[in-house]
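Chain residues, written in single-letter form:
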Amino acid sequence: MEILQSILEKNPCYRAGKKIKVGGLMLHSVGCPQPSAEVFVRKWNQAEASRACVHAFIDGNTGRVYQTLPWDHRAWHCGSGTNGSGNNTHIGVEMCEPACIKYAGGAGFTCFDTETALAVVRRTYEAAVELFAFLCRKYELDPLADGVIISHKEGHERKIASGHADPEHLWSGLGCGYTMQGFREAVKAAMEGQPAQEAQQKAAEAQGASEEPAKTQENCRQPAASAEMHISDRGVELVAGFEGCRLEAYKCPAGVWTIGYGHTAGVNPGDRLGSQEEARALLKKDLEQYGGYVNTCVRKGLISFALTQNQFDALTSFCYNCGNGNLQKLVSGRDAAVIAEKLPAYNKGGGKVLPGLVRRREAERALFLTP
Ligand SMILES: [Zn+2]
């Protein structure tokens, strides 16, 4: 974990100079489509900054932590409620949000690049797990104890914070399955030296038995493993036909380093793939993960008919493009005919029908209907 010192010395909150006894950690999400922590650091390091100040921002493009106040400084991050203010007890950390979402008033938003959004959310989540594990160790906090690690939303429910919904609104809006309970468990596991990813996997398996879809921890990165269907070469072909391929690492419009067919995990500036085949193999690996979400739908009974390979491939392509939340919505309780009929409706980005999405849905539908 990388922590950059960016103390907001000009912010009136820093200047107020009050200290707290750290009793907990509150997780926030910035509530606007801005992945760059530096933008916030610049904006908030001003004498006239609105009366808000937090301890750290997590950058959406790099996962880097920008520490903006000394950890035991009293920040202005959560307002208050009838039981007091979390500002007196909790460190406040903001996760930056993807550029490819658009707020529609309140906590509702639309997302026009699910793949990129999920990559950003995953990056900030994993960095937050590490940071919170570090802070729990530093202040000898038990991450699973009541009220120690909470979200802004939970702070509001406990009446120690203003009425915000972050960051759960972002996770549930993108359908990525993260929950605060899963987060706390991941922090606990990280403190025990387990990589965050494994911890989430464990949480996913532990909750696999639950029948309640909303409570499952299918995290963004890895669906629970099982011996199930896999995408075929035909499915990979279909997706490849709709995703541009570049062998050299580049920054996508949302500022995320990308290579091959939209691959984002672990990509660094200057990275290069040797061939189209290598890019294809990387895509197939990424698609395996999304095929896992389709398998999960089957396991949970959201899909109750036996999928053909073509149907599986079509749904995997759909999930890769539209995300797990939309996949669940598309298939839940429906038979194959209804799914095929509803597929073309997912053709909008930013509220507008996009020709590329119309063509892609048509191709997926055709494959889905091919015996
Ligand atoms: Zn907040």
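Anything mentioned here points back to the structure above.
What you see is a predicted model, and the numbers here were worked out from it, not measured in a lab.

Here is what the cut-offs are and how they apply
- Residues numbered from 1 in each chain as written.
- Predicted model: local features only at pLDDT ≥ 70, side-chain atom pairs only at ≥ 80, totals over all residues.
- Helix = DSSP H or I, 4+ residues; strand = E, 2+ residues; numbered from the N terminus.
- Core = buried A, V, L, I, M, F, W, Y, C linked by C-beta atoms within 7 Å.
- Buried ≥ 20, exposed ≤ 12 C-beta atoms within 10 Å, placed from the backbone.
- Domains from an automatic or database assignment.
- Contact = placed C-beta atoms within 7 Å.
- Axes fitted to C-alpha atoms, helices over the stretch in contact; angles between N-to-C directions.
- Parallel < 35°, antiparallel > 145°, perpendicular 65-115°, else oblique.
- Nonpolar A, V, L, I, M, F, W, Y, C, P; charged D, E, K, R; others polar.
- Expected span 1.5 Å × (residues − 1).
- Arc of directions from axis to C-beta.

Peer 1: Please clarify how the environment of Ala-190 should be interpreted in this entry.
Peer 2: If you trace the backbone, Ala-190 turns up in helix 6 (residues 180-191). Residues Ala-190 and Lys-285 lie 95 residues apart in sequence; the distance between their C-alpha atoms is 26 Å.

Peer 1: Explain the nonpolar core here, please?
Peer 2: Buried together is how nonpolar side chains tend to be arranged in soluble globular proteins. If you look at the biggest cluster of nonpolar residues, it comprises 62 residues, and the most contacted ones within it are Ile-58, Ala-128 and Phe-132. The element best represented in this core is helix 3 (residues 114-138), accounting for 14 residues. Lining this core are residues from two domains, each supplying at least three of them: domain 1 (3-214) and domain 2 (233-369). Not counting residues up to four positions away in its chain, the partners in contact with Phe-132 are Leu-25, Pro-143, Ile-149 and Val-187. With 29 residues, the next largest nonpolar core counts Tyr-261, Cys-322, Val-331 and Ile-339 among its residues.

Peer 1: Can you help me understand the packing of helix 10 (residues 309-322) against helix 11 (residues 324-331) in this one?
Peer 2: Helices that pack against each other are described as a pair by the angle of their axes relative to one another and the distance between those axes. Contact geometry of helix 10 with helix 11 gives a least axis separation of 7 Å together with a crossing angle of 135°. Comparing the axis directions of helix 10 and helix 11 gives the class oblique. Contacts between helix 10 and helix 11 involve Leu-315, Phe-318, Cys-319 and Cys-322 from the former and Asn-324, Asn-326, Leu-327, Leu-330 and Val-331 from the latter. Among the residues making up the contact of helix 10 with helix 11, the classes are represented as 7 nonpolar, 2 polar and no charged.

Peer 1: What should I look at first to understand helix 13 (residues 355-369) in this one?
Peer 2: Side chains three or four residues apart in an α-helix point the same way, a direct result of the helix having 3.6 residues per turn. In a regular helix each residue adds 1.5 Å, so 15 residues correspond to 21 Å; helix 13 covers 21 Å between its end C-alpha atoms and thus fits that length. Those residues of helix 13 that sit buried are Arg-360, Arg-361, Glu-364, Leu-367 and Phe-368. Seen end-on, helix 13 carries its buried residues on one side only, within an arc spanning 125°. Buried residues belonging to helix 13 abut helix 8 (233-242), helix 10 and helix 12 (336-342).

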